[in-house]
Amino acid sequence: MIFDDVVRFTTWGEPMPEKFHLISSVTCPWVQRSVITMRAKGVEFDVTYINLQDKPDWFLEISPHGKVPVLKVDDVALFESNAIAEYLDEMFEPRLHPADPIKRAQNRAWTDFLPTFGWGPGLNNVTYCPSKEALPEALDAARLRLSRLEDAIAKERGNDGPYFNGDTLSLVDAAYGPFLQRFSISEKVLQTGLLEEFPLVSAWSGALLANETVTGAVPPNFSEEFNRNLERRGTYAWALMTAAPAAE
Ligand SMILES: N[C@@H](CCC(=O)N[C@@H](CS)C(=O)NCC(=O)O)C(=O)O
């Protein structure tokens, strides 16, 4: 091959790393965010799955807070899914951040909002709600957060979508997709109708869940492991999934 000794460069002028290696756990939404970003950019990578209940020593040495994802870029270990997404976006086309600096800042603000949206009294408290009795409070807290997103889409997007910025996938989509995907699985049995109260978020979620780059960014055993997760956490969704059908 005549090009064998040519040093490869990314579109941004940085020498191309030789190897990407993702340290992962099957059901982690933050890991899925990294995978969506790499898939959207056609970045090839290896994966090692670890057991978060029994973390290997080599992992604890490279992950400062003991969390996945970690993306090894050659010999450098990057952690935090947001930092990983920003790194990938600087390195590889297509850019998933808007070109306009104001829009880009707004997008970054909404990816910063993700932990508030997902965790604590956020959407995950509905997905993993422990009982029927706890559901109304979890739903109210999630409503507050969903209404913020509904407003953002209504006021900031300026087009009909279907994604957060318009017709192409962005880093905001890669961030929220995994959480909406997990909610949609629990929602099949919880049937809260929550998203229907927020038509713009609902349509956005529908577009994300119809996009294989998003939903396919999980390993083949995802469904089985996610159900195991619902069981391990003692969720109401799991109780409904396994409830015996009512006698006629
Ligand atoms: N802020 C982190 C959150 C990552 C995270 O919470 N990962 C979970 C799995 S979904 C984890 O590794 N948990 C292990 C632990 O906390 O011990 C990121 O965005 O990467």
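Above this note sits the structure.
The structure reproduced in this document is the subject of the present report. Computed from a prediction, not measured in an experiment: that's the story for all the values here.

### What about the site of the ligand?
For step 1, the next point in the chain: Taken together, the residues surrounding the ligand are Ser25, Cys28, Trp30, Leu52, Gly66, Lys67, Val68, Pro69, Glu80, Ser81 and Asn82.
For step 2, the next point in the chain: The residue inventory of the shell around the ligand, partitioned by class, reads five nonpolar, four polar and two charged.

### Description of the environment of Ala109
For step 1, the next point in the chain: Its place among the elements puts Ala109 in helix α4 (residues 101-112).
For step 2, the next point in the chain: Sequence-wise, Ala109 and Val172 are 63 residues apart; in three dimensions their C-alpha atoms are separated by 9.4 Å.

### Describing the sheet that holds strand β4 (residues 76-79)
In a beta sheet, neighbouring strands pair by backbone hydrogen bonds and run either parallel or antiparallel.
For step 1, the next point in the chain: With mixed pairing, four strands are arranged side by side in an open sheet as β2-β1-β3-β4. Single-partner strands in this sheet number two, and they are β2 (46-49) and β4. Recorded for the sheet is a direction-independent mean angle of 25° between the axes of neighbouring strands.
For step 2, the next point in the chain: Pairing analysis gives four bridges linking strand β1 (residues 20-24) to strand β3 (residues 70-73), with the strands arranged antiparallel. Across the sheet, the residue bridging to His21 is Lys72, located in β3.

Rules behind the numbers
Residues numbered from 1 in each chain as written. Predicted model: local features only at pLDDT ≥ 70, side-chain atom pairs only at ≥ 80, totals over all residues. Near = placed C-beta within 6 Å. Nonpolar A, V, L, I, M, F, W, Y, C, P; charged D, E, K, R; others polar. Helix = DSSP H or I, 4+ residues; strand = E, 2+ residues; numbered from the N terminus. Pairing = 2+ DSSP bridges. Axes fitted to C-alpha atoms, helices over the stretch in contact; angles between N-to-C directions.

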